[in-house]
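Structural overview
So the chains spell out like this:
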Amino acid sequence: MFEDPRFAAGTKAVAEAVASAKGFTVVGGGDSASALKQFGLDDQVDHLSPVGGVARVHREGDLPGLAALRQAADRARA
């Protein structure tokens, strides 16, 4: 409900916390992706997927290709 100004501040605070996290950040879900884009934070996370299931799968075990994403993020930071 971040589109509603009454709820935007909370969503933005969570998005900013994730974007500034020191760890490898994975955000999944169309609404989450849209919120990050609206707040200009979408380029500050390591992996942004419009598919919400990616976060659930990652918590259950490593995703194929996630190591490659980590390596690419490490190279970009170097």
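Structure: see above.
Residues numbered from 1 in each chain as written. Predicted model: local features only at pLDDT ≥ 70, side-chain atom pairs only at ≥ 80, totals over all residues. Heavy atoms only, no water.

Considering the pattern of salt bridges
For the structure on display, the rule yields three salt bridges. A salt bridge links Arg77 to Asp46; the nearest nitrogen and oxygen atoms lie 2.4 Å apart. In this pair, Arg77 is assigned in helix H4 (residues 66–77) and Asp46 in the loop between helix H2 (30–38) and strand E2 (47–49), connecting sequence segments 31 residues apart. Between Arg77 and Asp74 there is a salt bridge, with its nearest N and O atoms 3.6 Å apart. With Arg77 and Asp74 both in helix H4, this residue pair falls three residues apart, about one helical turn. Exposure remark for Asp74: the relative accessible area of 49% places this residue in the partly exposed category. (Salt bridge = Lys/Arg side-chain N within 4 Å of Asp/Glu carboxyl O. Helix = DSSP H or I, 4+ residues; strand = E, 2+ residues; numbered from the N terminus. Buried < 20%, exposed > 50% of the residue type's maximum accessible area, 1.4 Å probe, protein only.)

As for the packing of aromatic side chains
A complete count under the given rule lists one aromatic pair for this structure. Ring plane angle 65° and centroid distance 6.2 Å describe the contact between Phe2 and Phe39, whose orientation is recorded as edge-to-face. Here Phe2, found in the segment before helix H1 (5–19), pairs with Phe39, found in the loop between H2 and E2; they are 37 residues apart in sequence, far enough to count as distant. Residue Phe2 shares its accessibility class with Phe39, and that shared class is buried. Lying over the aromatic face of Phe24, Arg70 brings its terminal NZ or CZ to 5.3 Å of the ring centre. (Phe/Tyr/Trp six-rings, centres within 6.5 Å; stacked < 30°, edge-to-face > 60°. Lys NZ or Arg CZ within 6 Å of the ring centre and 35° of its normal.)

Brief notes about the nonpolar core
Phe2, Ala15, Ala19, Val27, Ala35, Leu36, Phe39, Leu41 and Val45 together form the largest nonpolar core, which totals nine residues. Mapped onto this core, the elements with two or more residues apiece are H1 and H2. In contact with Ala15, other than residues within four places in its own chain, are Leu36, Phe39 and Leu41. (Core = buried A, V, L, I, M, F, W, Y, C linked by side-chain atoms within 4.5 Å. Contact = heavy atoms within 4.5 Å.)

So, H2
Within H2, the full set of buried residues consists of Ala33, Ala35 and Leu36. An end-on view of H2 places all buried positions within 160° of arc, on one side of the element. Those residues of H2 that are exposed and aimed more than 90 degrees away from the buried face are Asp31 and Lys37. The inward-facing, buried residues of H2 abut H1, strand E1 (26–28) and E2. Taken from the residues just after H2, Gly40 is the one with a positive phi, measuring 70°. (Arc of directions from axis to C-beta.)

Section: the environment of His47
Note that His47 resides in strand E2. When sequence neighbours within four positions are dropped, the list of residues in contact with His47 reads Thr25, Val26, Val27 and Leu69.

Keep in mind that these numbers describe shape and distance, not what the molecule does.
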